[in-house]
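Summary of structural features
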Amino acid sequence: KGTISASPRVYLDLLLDLAEDMLHHGFKRIMFVNGHGGNIIPGRQAMFELRQRHRDRTDLLLLFASYWDFGQPQFEKMKLSQKQVGHACEYETSMMLALRPDLVTGDITRLPDVETGFGFDPAYRGWTTDDRTKMGHIGYPRLATAEKGEHLFATYSGGVAEFLEKVIAWDGTRWA
C-alpha cells in the first residue's frame, strides 16, 4: 500500500521534461541514478531521445544508470549467494535490514528462492513481476542480513561517488 506507479511512457516523459529543464538552466552534464529495475529501459530511452533532440550540441553528457551498476560486492567475504540484484532479494532485503529493519516483516527465512535472470538470454523477454513470483520477490531474501546491507551500501555509494568524480572531470569533448 502506498506505492505510486506510472506507466513507462509517463516516467520516460518525466525524465525528459526534467532534463530539458536542466538544460534550459545551463546544465551540460545530467546523470539520473536509478533504483528500480523497471525503470532501466525507459530511463535509457529518455537519454536516447534527449540526445536526438539536441544532436547539434557537442557539449552534453547525458547519463542514466542504476546504483547497482557501480561497484562489485565481495561475494565470498560477505557470503552473498546472488550475483545480481533482484526484487526484494538478498541484496535489497539486506539493505533494508541495515536501514529500516522495522519495515522487514514476517519470517523471511521461510521464503522460497526465486531464481534471478531473465530467461531466453541473450534476448530480452518482456515480463512483469507476477510472471515470475506471486510473493513479490526475485532472489533469496531469506539469506539477508544487516551486515550484508551495510557492505552493499558502502560498495554502491562508493562506486557512485567515484563515478561522479569521472563525470565532474569530463572535459566536455572526450567520448569517455
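Refer to the structure printed above.
Residues numbered from 1 in each chain as written. Predicted model: local features only at pLDDT ≥ 70, side-chain atom pairs only at ≥ 80, totals over all residues. Heavy atoms only, no water.

What follows covers the nonpolar core. Counting residues in each nonpolar core, the largest one holds 14 residues, and the members touching the most others are Phe-32, Met-47 and Leu-50. Among the secondary structure elements, those contributing two or more residues to this core are α1 (8-24), β1 (29-34), α2 (40-53) and β2 (61-66). Beyond its immediate stretch of four places on either side in the chain, Met-47 contacts Phe-32, Leu-62, Leu-63 and Phe-64. Counting ten residues, the second largest nonpolar core, distinct from the first, contains Phe-75, Cys-89, Met-95 and Leu-152. (Core = buried A, V, L, I, M, F, W, Y, C linked by side-chain atoms within 4.5 Å. Buried < 20%, exposed > 50% of the residue type's maximum accessible area, 1.4 Å probe, protein only. Helix = DSSP H or I, 4+ residues; strand = E, 2+ residues; numbered from the N terminus. Contact = heavy atoms within 4.5 Å.)

Note the cis peptide between Asp-121 and Pro-122, where omega equals 10°. Tracing the sequence through the fold places Pro-122 in the loop between α4 (90-99) and α5 (129-132). One non-glycine residue, Ala-88, adopts positive backbone phi at about 55°. With respect to the secondary-structure elements, Ala-88 resides in the loop between α3 (75-78) and α4. Exposure remark for Ala-88: the relative accessible area of 29% places this residue in the partly exposed category.

A few words on α4. Those residues of α4 that fall on the buried side of the exposure criterion are Glu-90, Tyr-91, Thr-93, Ser-94, Met-95 and Leu-97. Buried residues along α4 sit in contact with α3 and α6 (146-169).

Before going further, it helps to spend a moment on the environment of Tyr-11. In this fold, Tyr-11 is placed in helix α1. Taking C-alpha positions, Tyr-11 is 8.9 Å from Ala-46, a pair spaced 35 residues apart along the chain. Those residues in contact with Tyr-11 that lie beyond four places of it in its chain are Asn-34, Asn-39, Pro-42, Gly-43 and Phe-64.

On to the packing of α1 against α2. If you want to describe how two helices pack, look at the angle between their axes and the distance between the axes. Put simply, α1 and α2 touch, their axes get as near as 9 Å, and they point 45° apart. Considered as vectors, α1 and α2 are oriented oblique to each other. For the pair α1 and α2, the crossing hand works out as right-handed. Taken together, the residues of α2 that come into contact with α1 (itself represented by Pro-8, Arg-9, Tyr-11, Leu-12, Leu-15, Leu-16, Ala-19, Glu-20 and Leu-23) are Pro-42, Gly-43, Gln-45, Ala-46, Glu-49, Leu-50 and Arg-53. (Axes fitted to C-alpha atoms, helices over the stretch in contact; angles between N-to-C directions. Parallel < 35°, antiparallel > 145°, perpendicular 65-115°, else oblique. Left-handed = near helix turned anticlockwise from the far one by under 90°.)

On to the pattern of salt bridges. One pass over the full model with this rule turns up nine salt bridges. Asp-13 is paired through a salt bridge with Arg-9; the nearest N and O atoms lie 2.8 Å apart. Placement of the pair is Asp-13 and Arg-9 together in helix α1, with a separation of four residues, close to one helical turn. Since its relative accessible area comes to 41%, Arg-9 is described here as partly exposed. Between Arg-142 and Asp-113 there is a salt bridge, and its shortest N-O distance comes to 2.8 Å. With Arg-142 in the loop between α5 and α6 and Asp-113 in the loop between α4 and α5, this pair connects stretches of sequence that are 29 residues apart. (Salt bridge = Lys/Arg side-chain N within 4 Å of Asp/Glu carboxyl O.)

Our next topic: the side chain of Gln-82. Here Gln-82 lies in the loop between α3 and α4. Gln-82 sits in the buried class, given a relative accessible area of 1%. At a separation of 2.7 Å, a polar atom in the side chain of Gln-82 contacts the main-chain amide nitrogen of Tyr-140. The residues contacting Gln-82, other than those within four sequence positions of it, are Phe-75, Cys-89, Glu-90, Tyr-91, Thr-116, Ile-138, Gly-139 and Tyr-140. (Polar contact = N/O pair within 3.5 Å; in protein donor to acceptor, adjacent residues only side chain to side chain.)

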